Amino acid sequence: MSSETSPHKPRVAVVFGGRSSEHAISVLTAGAVLRAIDRDKYDVLPIGITTDGRWALTADDPERMAIADRRLPSVAELAESTEGGVVLPVDPTNREVVYSEPGSVPKALGEVDVVFPVLHGPYGEDGTLQGLLELSGVPYVGSGVLSSAVGQDKDYMKRVFASFGLPVGPYEVIRPREWDKDPAAARRKIVDFAGEHGWPLFVKPARAGSSMGITKVDDLAGLDEAVEEARRHDPKILVESLLSGREIECGVLEFEDGPRASVPAEIPPVTAHDFYDFEAKYIDSADGIVPAPLTAEQTAEVQALAVAAFEAASCEGLVRADFFLQDNGEFVINEINTLPGFTPISMYPRMWQESGVSYPELIDRLLQAALERSTGLR
């Protein structure tokens, strides 16, 4: 027998699910990542977070992490136990993950070298998980605490972009206390906004994604119902005017020499839906056009804006930046996603595939960048 030992394979904890309304989308993303990750290069530990916040040891079974008969998957269906929990250390000198069940001796699952968080929305994409990993001293894929929080909160995201001179569309914010204390005054604030910018309006949660909780409101009659729908996902809501034009997306990926932009994509009008909502994205699978049919000048402009948004929010790793190309030929940035979807139909991997970076290569590049980046101030 040879005395040489095999090289250590980095251990990747793929953390998915979570407590947000985007739980199922996160499970879909995890399934795609688990299929693509190079098992010859990495050891993998799937960890699912249930909707009530329990960290569960789950089966490494991507086939069960897919939409079946229009039914969305969940961590509860994948968990190996209904009570057992996974615990990450909060001691930066110890990266050992422990699994415990009531009445049983805790079991060590080994050390984790890097975390690939594929959580979407609050309690995962918003800096909360990133803060835990910083305390633990465990490297992770994607942006840090502040950038993740800014990328999740559309109010502060737009404020940051505007402060850097990036083009942002008209919007209004209704904070929780405003609606709870004086809903009539909050409603007048929205009506005044509509008076200035016109109907229809989009009412959306300030800190949600995957088009969750968004309503297109054509007149005053539908306003209260739209506000309540948004507040089911987030007590802080955003009201935006309708921006007439084309929906353009662009991926940003961090390379050794800095962030680069992918070829852009276009989300064509969705005839069966009022707008590019959750059903269109994930159930009916609206087809994005990659690359977007833009002029060379428009492509260069949107790529430069995407990288500028990445830098403005101090992002790391990856971002998907979403824009409107208005009828007057000007781009307006709608939002960024610091942990965009990696489902088979997701635009981010499709844009990079068209840009010459395959799905497995994309996963590998993100993991390698995370392993090389220290936690803490940087």
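Residues numbered from 1 in each chain as written. Predicted model: local features only at pLDDT ≥ 70, side-chain atom pairs only at ≥ 80, totals over all residues. Heavy atoms only, no water.

A. Representation of the overall build of the chain. On a plain count of helices and strands, the chain comes out with twelve helices and 16 strands. Here the chain has a C-alpha radius of gyration of 21 Å; the compact-globule value for 378 residues is 21 Å, and the two agree. Dimensions of the chain along its principal axes, counting C-alpha atoms only, are 80 × 50 × 45 Å. For the chain, with 378 residues in total, the buried portion stands at 54%. Pairs at least 24 residues apart make up 66% of the contacts formed inside the chain by residues separated by at least 6 positions. Per element, the accessible surface of the chain, about 16,600 Å² overall, is 50% carbon and sulfur. Taken as two groups, the 35 positive and 60 negative side-chain charges of the chain have centres that lie 4 Å from each other. (Helix = DSSP H or I, 4+ residues; strand = E, 2+ residues; numbered from the N terminus. Rg over C-alpha atoms; globule rule 2.2 N^0.38 Å. Buried < 20%, exposed > 50% of the residue type's maximum accessible area, 1.4 Å probe, protein only. Contact = heavy atoms within 4.5 Å. Areas by Shrake-Rupley, 256 points an atom, 1.4 Å probe, with all protein chains shown as cover. Lys, Arg positive; Asp, Glu negative; His and termini not counted. Charge placed at Lys NZ, Arg CZ, Asp CG, Glu CD.)

B. Region of interest: a nonpolar patch on the surface. There is a patch of nonpolar side chains on the surface, built from Val-191, Trp-199 and Leu-220 and spanning about 240 Å² of accessible area. Its location among the elements puts Trp-199 in the loop between α7 (183-197) and β9 (201-205). Given the relative accessible area of 33%, Trp-199 is considered partly exposed. (Patch = residues over 30% accessible without salt bridge, like charges linked within 9 Å, V, L, I, M, F, W, Y side chains within 5 Å. Salt bridge = Lys/Arg side-chain N within 4 Å of Asp/Glu carboxyl O.)

C. How the structure looks around the side chain of Asp-234. Within the secondary structure layout, Asp-234 lies in the loop between α8 (223-231) and β11 (237-241). Separated by 3.0 Å, the side chain of Asp-234 and the backbone nitrogen of Lys-236 make a polar contact. Among residues more than four places away in sequence, those in contact with Asp-234 are Pro-205, Ala-206 and Arg-207. (Polar contact = N/O pair within 3.5 Å; in protein donor to acceptor, adjacent residues only side chain to side chain.)

D. How the structure looks around the nonpolar core. Counting residues in each nonpolar core, the largest one holds 35 residues, and the members touching the most others are Val-14, Phe-16, Phe-116, Phe-342, Ile-363 and Leu-367. Elements with a minimum of two residues in this core: β1 (11-17), α1 (23-36), α2 (75-78), β7 (114-117), β12 (245-255), α11 (347-354) and α12 (359-372). Ignoring sequence-local partners within four residues, the contact set of Phe-116 consists of Val-12, Ala-13, Val-14, Val-15, Val-33, Val-141, Ile-363, Leu-366 and Leu-367. Within the second largest apolar cluster, 24 residues are counted, among which are Ile-248, Leu-294, Ala-312 and Phe-331. (Core = buried A, V, L, I, M, F, W, Y, C linked by side-chain atoms within 4.5 Å.)

E. Just the sheet that holds strand β8 (residues 171-174), in detail. Ordered in space as β8-β11-β9-β10, the four strands form an open sheet in which the pairing is antiparallel. Either end of the sheet is taken by a strand with one partner, and the two such strands are β8 and β10 (215-217). Sheet twist, expressed as the average angle between the axes of neighbouring strands with direction ignored, equals 25°. Against the sheet, α7 touches β8, β9 and β11, its axis set at about 175° to β8. (Pairing = 2+ DSSP bridges. Axes fitted to C-alpha atoms, helices over the stretch in contact; angles between N-to-C directions.)

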